[in-house]
Amino acid sequence: MNATNRTEEAETETSEVDTNLAAVSEVEAGIRDFVRNDIAYLRRPVASPETAPTDPNTDATVNNVNSLIQRVAGTSLAEIEKLIGELESLRDLLHAEGQRVQREISGYAQLSQAAMKSTRMIADNVSQWKRAADGLRNS
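Residues numbered from 1 in each chain as written. Predicted model: local features only at pLDDT ≥ 70, side-chain atom pairs only at ≥ 80, totals over all residues. Heavy atoms only, no water.

Describing the overall build of the protein chain
Within the protein chain, the secondary structure is distributed over 2 helices and 0 strands. For the protein chain, the exposed surface amounts to about 12,600 Å²; the carbon and sulfur share of it is 59%. (Helix = DSSP H or I, 4+ residues; strand = E, 2+ residues; numbered from the N terminus. Areas by Shrake-Rupley, 256 points an atom, 1.4 Å probe, with all protein chains shown as cover.)

Let's talk about the pattern of salt bridges
Opposite charge on two side chains permits pairing when their charged atoms draw close. Under the counting rule described, the total for this entry stands at 3 salt bridges. One salt bridge in this structure joins Arg 100 and Glu 97, with 3.0 Å as the shortest N-O distance. Of the two residues, Arg 100 and Glu 97 both sit in helix 2 (residues 56-138), 3 residues apart, roughly one turn of that helix. A salt bridge links Arg 137 to Asp 134; the nearest nitrogen and oxygen atoms lie 3.6 Å apart. You can see Arg 137 and its partner Asp 134 sitting in helix 2, 3 residues apart, about one turn around the helix. (Salt bridge = Lys/Arg side-chain N within 4 Å of Asp/Glu carboxyl O.)

Digging into the layout of surface pockets
What the largest pocket holds in volume is close to 720 Å³. At the level of elements, helix 1 (2-43) and helix 2 are the ones that each hand at least two residues to the lining of the largest pocket. When residues of the lining of the largest pocket are assigned to their parent elements, the largest contribution, 12 residues, is made by helix 2. By residue class, the composition of the lining of the largest pocket is 15 nonpolar, 3 polar and 3 charged. (1 Å grid on protein atoms, 1.4 Å probe; cavity = no way out; pocket = protein on both sides within 12 Å on 5 of 7 lines; lining within 4 Å. Points joined across faces, edges and corners; volume = space filled by probe spheres on them. Nonpolar A, V, L, I, M, F, W, Y, C, P; charged D, E, K, R; others polar.)

Re a nonpolar patch on the surface
Side chains of Phe 34, Val 65 and Ile 69 sit close together on the surface and give an oily, nonpolar patch of about 240 Å² of accessible area. The topology assignment puts Val 65 in helix 2. (Patch = residues over 30% accessible without salt bridge, like charges linked within 9 Å, V, L, I, M, F, W, Y side chains within 5 Å.)

Given below as structure tokens:
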């Protein structure tokens, strides 16, 4: 039954990792698209002053779009930085827990060896007492 619980926990963790990887892939794809669009914007030919639109509404629209992109990108960057911080703290926690588990296992191994030595000593003493008792009875 314990093995079943561990298997279910492992499957749950694998499912969560798959979900997280899918989310990361989706974010990366969005970032790639954003960068491609941004680079495409930079590669457009520069309009000469004669061909550039002089409509003030166009400038306002461009400013609105730029501010919208900055707000969305700022929020996304803040979320990404927050997630990076959480992942780093989880990495540190897992590292510390791994070291703790290693110390616990080492302590149990030492305790087990001490118990084995004690058991051998007790068994040797009992066998010596038995031989001594048998020798006294036979004499």
